[in-house]
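A look at the structure
Here are the chains, one letter per residue:
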Amino acid sequence: MIDEAPPSGAPARLAVPVNEPDTHPGPPDDGIGLALSGGGFRAMLFHLGTLWRLYDADALAGIARISSVSGGSITSAVLALAWSRLSFNATDPRDFVEHVVKPIRAFADRTVDVGAVLRGIVLPGSIADKVAGAYRKHLFGTATLQHFPDSPRFVINASNLQTAALWRFSKPYMGDWRTGLIDRPDLQVAIAVAASSAFPPILSPMHLKVDPTKFRPDTSATLQHPPFTEEVILSDGGVYDNLGLETIWKRYRTVLVSDAGMKIAPDGKPHTDWVRGAMRVADIVDSQVRSLRNRQLMASFAEPPTSPNFRKGAYWSARSDLTVYPAPEKLACPFARTSQLAITPTRLAKIDAATQERLINWGYASCDAAIRSYLDPALPPPSGFPYPIGV
């Protein structure tokens, strides 16, 4: 379990005021934003590899904002609470392994979703509450959003089912543009991550009781009144934005996206019962949301530098074929092998040790190929995978 003490010695590499708003007039800032997609434990481990490569490249400490949804939020929150204990010594990742890798891998040894469903059916409280309990017990304890560092800004995203807007959890505030914001929320990290990973229809929704008097008065928030300000009903962040892209694309000129989403496969005879049929519908919605966000990102990369929509950066995916990336000396990642990793089920379910290591290696190699291809060609190639198993 992560130490619950508030960060006291986190490296002050970026001076981002803790109460700075997410949006502002004018062009985007020159900082770097990183988005971590959804995808259950598959995403949690793939993104762990992404963070490991950025750490080894001495790039992680230079990121201004990390935005995440669903499985990506598990990894992001572990990193946020470990931030003050990292040395950011690119030549020695032992503290990263101790405080970030080990807790995530230990959590991947557990199956969370089945137990949460069963307890949610027979015991008081929702299934999402039971998921939050597992996060609290095994990862985050009673740490709150106020234990996150001031910099970088960590944003955990969920979807507000009442307002159809993106609900953001962060240290400075939580809320959405239609309901308004609650400043410096003293909300447990376990609850925020459970809301972000409340996959519909089984693990969703998360009911979040809030105090109406805590909302910052805002005349532009047209839904700042009951029932919206008394109980917030949230679902997986991927319902709205499965890449976690919006909050970084709006703010920063350099955008990095780690996408561990699974491409939906054709099914000639889809299930029509209400549970499996609803899950198929949710998968289609997820696929379309991801596709639209992906098109937005790729279009912004292709804009002329003078355009307000121009962004630079890199995108990598669990479904990528690394042979199309131009970087030299890429780590060996046969597409047939990585394609099998990409279809690891989207669940909060135990993953065996060998597959864990392969997923971490795959995230590491994908990030490396994309960064050296499109953002920093001068970056030296890695000497090898984090784990000798390869992909």
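Reference entry: report on the structure contained in this document. All values derive from a computational prediction rather than experimental measurement.

What follows is about the overall build of the protein. The secondary structure content of the protein amounts to 11 helices and 10 strands. Compactness check: the protein gives a C-alpha radius of gyration of 20 Å against a globular reference of 21 Å for 391 residues, within 12% of the reference. Expressed along its principal axes, the backbone C-alpha trace of the protein runs to roughly 55 × 50 × 40 Å. The buried share of the protein, taken over its 391 residues, is 55%. In the protein, of all internal contacts separated by at least 6 residues, the share reaching a separation of at least 24 is 77%. Summing over all exposed atoms, the protein offers an accessible surface of approximately 16,000 Å²; the carbon and sulfur share of this is 58%. Charge centroids of the protein, computed over 40 positive and 37 negative side chains, lie 3 Å from each other.

The end-to-end C-alpha distance of helix H3 (residues 94–107) is 19 Å, a good match for the 20 Å that 14 residues give at a rise of 1.5 Å each. At Val101, H3 shows its strongest bend, of approximately 35°, with the proline Pro103 following within four residues. Of the residues making up H3, those classed as buried are Asp95, Phe96, Val100, Val101, Pro103, Ile104, Arg105 and Phe107. As for H3, its buried residues are in contact with helix H1 (40–56), helix H2 (71–82), helix H5 (127–140) and helix H11 (353–374).

Sheet topology note: the strand E3 (residues 153–160)/strand E8 (residues 231–236) ladder contains three bridges and is antiparallel. Looking across to E8, one finds that Ser159 is bridged to Ser235. The pairing of strand E7 (residues 206–209) with E8 spans four bridges and is antiparallel. Counted as the bridge partner of Lys209 is Glu231 from E8.

The next subject is the pattern of salt bridges. Under the criterion given, the structure shown has 16 salt bridges. Taking the shortest distance from any N to any O, the salt bridge between Asp241 and Arg293 comes out at 3.5 Å. Placement of the pair is Asp241 in helix H7 (residues 238–241) and Arg293 in helix H9 (residues 274–302), with a sequence separation of 52 residues. Just as Asp241 is buried, Arg293 falls in that class too. Among the salt bridges present, the one from Arg319 reaches Asp259, with a minimum N-O distance of 3.2 Å. Placement of the pair is Arg319 in the loop between strand E10 (312–317) and helix H10 (335–342) and Asp259 in strand E9 (residues 252–259), with a sequence separation of 60 residues. Salt bridges linked by common partners bring Arg168, Asp241, Glu246, Lys250 and Arg293 together as one network.

Quick notes on the rules
- Residues numbered from 1 in each chain as written.
- Predicted model: local features only at pLDDT ≥ 70, side-chain atom pairs only at ≥ 80, totals over all residues.
- Heavy atoms only, no water.
- Helix = DSSP H or I, 4+ residues; strand = E, 2+ residues; numbered from the N terminus.
- Rg over C-alpha atoms; globule rule 2.2 N^0.38 Å.
- Buried < 20%, exposed > 50% of the residue type's maximum accessible area, 1.4 Å probe, protein only.
- Contact = heavy atoms within 4.5 Å.
- Areas by Shrake-Rupley, 256 points an atom, 1.4 Å probe, with all protein chains shown as cover.
- Lys, Arg positive; Asp, Glu negative; His and termini not counted.
- Charge placed at Lys NZ, Arg CZ, Asp CG, Glu CD.
- Expected span 1.5 Å × (residues − 1).
- Bend = angle between axes of the 7 residues up to and from the residue.
- Pairing = 2+ DSSP bridges.
- Salt bridge = Lys/Arg side-chain N within 4 Å of Asp/Glu carboxyl O.

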